[in-house]
Amino acid sequence: MIPFVAPNDGLQAFNCPHCYAYARQHWYDAYGVAVADLPNGRPPGVRFSLCAHCQEWCVWRGGEMLDPRTTSGVPQPSPDLSPEVEREYREAAEVVSTSPRAAAALLRLALQKLCRELEPDERDLSNAIGALVRRGLSPSIQRAADYVRFIGNEAVHPGRIDMSDNRDTAITLFQLINLIAEGMISAPRRVDELFDSMPEGVRDAIQRRDAPPRTE
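Residues numbered from 1 in each chain as written. Predicted model: local features only at pLDDT ≥ 70, side-chain atom pairs only at ≥ 80, totals over all residues. Heavy atoms only, no water.

Overview of the overall build of the protein
Moving on, step 1. Scanning the protein from terminus to terminus reveals six helices and five strands.
Moving on, step 2. Secondary structure elements of the protein, listed N to C terminal, follow the sequence β-β-β-β-β-α-α-α-α-α-α.
Moving on, step 3. Out of the 216 residues belonging to the protein, those deemed buried represent 37%.
Moving on, step 4. Sequence-distant contacts, at least 24 apart, represent 51% of the contacts inside the protein between residues at least 6 apart. (Helix = DSSP H or I, 4+ residues; strand = E, 2+ residues; numbered from the N terminus. Buried < 20%, exposed > 50% of the residue type's maximum accessible area, 1.4 Å probe, protein only. Contact = heavy atoms within 4.5 Å.)

Some points on the nonpolar core
Moving on, step 1. Residues Leu-107, Phe-174, Ile-177 and Ile-180 are the most contacted members of the largest nonpolar core, which totals 36 residues.
Moving on, step 2. Elements with a minimum of two residues in this core: α1 (83-95), α2 (100-118), α3 (125-134), α4 (139-147) and α5 (167-196).
Moving on, step 3. The residues touching Leu-107, leaving out its near neighbours within four places in the chain, are Tyr-89, Ala-92, Ala-170, Leu-173, Phe-174 and Ile-177.
Moving on, step 4. Formed by five residues, the second largest nonpolar core is a distinct cluster that contains Phe-14, Trp-27, Cys-58 and Trp-60. (Core = buried A, V, L, I, M, F, W, Y, C linked by side-chain atoms within 4.5 Å.)

Details of the pairing of strand β3 (residues 46-51)
Moving on, step 1. Note that strand β2 (residues 22-29) and β3 share five bridges and pair antiparallel. The partner of Tyr-28 across the bridge, within β3, is Phe-48.
Moving on, step 2. What sits between β3 and strand β4 (residues 57-61) in their antiparallel hairpin is a turn of five residues, with Gln-55 showing a positive phi close to 65°. (Pairing = 2+ DSSP bridges.)

Focus on the packing of α2 against α5
When two helices pack together, their arrangement is given by the angle between the helix axes and the distance between those axes.
Moving on, step 1. Packing of α2 against α5 leaves a shortest axis separation of 8 Å and a crossing angle of 15°. Classified by the angle their axes make, α2 and α5 are roughly parallel. Here α2 runs over α5; the crossing is left-handed. Contact with α2, carried on its side by Pro-100, Ala-103, Ala-104, Leu-107, Ala-110, Leu-111, Leu-114 and Leu-118, involves Arg-167, Ala-170, Leu-173, Phe-174, Leu-176, Ile-177, Ile-180, Ala-181, Met-184 and Ile-185 of α5 and no other residues of that element.
Moving on, step 2. A class-by-class count of the residues in the contact of α2 with α5 yields 17 nonpolar, no polar and one charged. (Axes fitted to C-alpha atoms, helices over the stretch in contact; angles between N-to-C directions. Parallel < 35°, antiparallel > 145°, perpendicular 65-115°, else oblique. Left-handed = near helix turned anticlockwise from the far one by under 90°. Nonpolar A, V, L, I, M, F, W, Y, C, P; charged D, E, K, R; others polar.)

As for the packing of α3 against α4
Moving on, step 1. At their nearest, the axes of α3 and α4 sit 9 Å apart, and the two run at 165° to each other. By the angle between their axes, α3 is roughly antiparallel relative to α4. Between α3 and α4 lies a crossing whose hand is right-handed. The segment α3 lies against α4, with Ile-129, Gly-130 and Val-133 engaging Pro-139, Gln-142 and Ala-145.
Moving on, step 2. Here the residues of the contact of α3 with α4 are counted per class, giving four nonpolar, two polar and no charged.

Shown next, in the form of structure tokens:
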């Protein structure tokens, strides 16, 4: 999975909130014409970024992206998320610009649902992530979960608001959910599809090769 770079004021490249491509951004200051109330006719802190890929604009003021609001500059949800998890993910994307804490609370709930789908016997989020690592999930994803304080003595319960959460935490959570979906659902599915696309005789030969030896 290609890393997601959230839009940020002044970055030369990020994932565009219009087309989601990682693309170069061209920056422009805004200048007013015949606006007597503004010093030198220049709106303070208003800037525009133009995506080199889709040629769409973003509007910024004081380091905050004012437009577009609806896409919020977050990564698209993995297409392999269940409808339950995707619903929480998309709701979080709708509110992250106005309330990062609320978005993070929804994403904790989404992560809990995802882990319970993948490890139904593990009710504890920390144990579920550990079980996924033992099944092949990258240990670095477990460290990412530690970073956002999902596990450990200071864990925040899924769906609860942590007053210290901010937009960076929420963006990390979006990425974390997609990384788990990629590692445990999307990549294995693609491998199975590649295997199933081989001729039947080749598949049978591989299965015979990999079968455990018979004991007398």
